[in-house]
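What follows is each chain in one-letter form.
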Amino acid sequence: MFRYRDDTPIAHAAVTVDAFLDQSNAAAVRVEPGDDARDLIPHLERLDLVEVNFPAFGDGRGYSSARILREAGYDGELRAVGDVLVDQLAYMRRCGFDAFDPDAPLDPEDVEAAFARWPEVYQSAADARTPIWSKRHA
């Protein structure tokens, strides 16, 4: 697993969104592709971990879930799990993911290279990077 946080790691979130909403003591949840991340917004203050499952690399619904949660103010660990490929990591991080637990191991050097590949970005996202077009007018 790759984490880009300074806090203590949390174990896997075994609780589904439906089960989480029926409980008052769960602090971690797993979002599946068909789940609506907006259901979690009223409960963000008690969440320490949100795992977003990517069962297949071509299913991009998890990107939307991450961005929805970050834009709503979630600041806990947001972990991408499942069929997470090195080519997707930079985009996932821009959407707000700060931890990755892929099914297949990734080479740490490839991971760092993926994050460093594009020093500039062209649009705003959930991360704090400044789009290159706005730097021209600064």
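What counts as what
Residues numbered from 1 in each chain as written. Predicted model: local features only at pLDDT ≥ 70, side-chain atom pairs only at ≥ 80, totals over all residues. Heavy atoms only, no water. Helix = DSSP H or I, 4+ residues; strand = E, 2+ residues; numbered from the N terminus. Buried < 20%, exposed > 50% of the residue type's maximum accessible area, 1.4 Å probe, protein only. Contact = heavy atoms within 4.5 Å. Areas by Shrake-Rupley, 256 points an atom, 1.4 Å probe, with all protein chains shown as cover. Lys, Arg positive; Asp, Glu negative; His and termini not counted. Charge placed at Lys NZ, Arg CZ, Asp CG, Glu CD. Pairing = 2+ DSSP bridges. Right-handed = clockwise from strand over helix to strand, strands pointing away. Salt bridge = Lys/Arg side-chain N within 4 Å of Asp/Glu carboxyl O.

J.: Mind laying out the overall build of the protein chain, listing which residues take part and the relevant values?
T.: The secondary structure content of the protein chain amounts to five helices and five strands. When the helices and strands of the protein chain are placed in sequence order, the string is β-α-β-β-α-β-α-β-α-α. Summarising its shape, the C-alpha atoms of the protein chain cover approximately 50 × 35 × 30 Å along the three principal directions. A total of 138 residues make up the protein chain; the buried ones form 40% of that total. If you take every contact in the protein chain between residues at least 6 apart in sequence, the share linking residues at least 24 apart comes to 53%. Summing over all exposed atoms, the protein chain offers an accessible surface of approximately 7800 Å²; the carbon and sulfur share of this is 52%. Of note, the protein chain has its 15 positive side-chain charges centred 7 Å away from the centre of its 26 negative side-chain charges.

J.: If you had to explain the pairing of strand β4 (residues 77-82) to someone new, which residues and values would you point to?
T.: For β4, the tally of buried residues reaches six of six residues, placing the bulk of the element in the interior. Pairing of strand β3 (residues 49-54) with β4 involves six bridges; the strand directions are parallel. Each residue of the ladder has a partner; that of Val-52, found in β4, is Ala-80. Of the crossover connections in this fold, the one passing from β3 over helix α2 (residues 61-71) to the parallel β4 is right-handed. Looking at chain direction, β4 and strand β5 (residues 99-102) are connected through four bridges and run parallel.

J.: Let's hear about the pattern of salt bridges: which residues, and what values?
T.: Scanning the entire structure with this criterion turns up 12 salt bridges. Residue Glu-51 is joined to Arg-30 by a salt bridge in which the shortest nitrogen-to-oxygen separation is 3.2 Å. Of this pair, Glu-51 sits in strand β3 while Arg-30 sits in strand β2 (residues 28-31), and the two are 21 residues apart along the sequence. Since its relative accessible area comes to 0%, Glu-51 is described here as buried.

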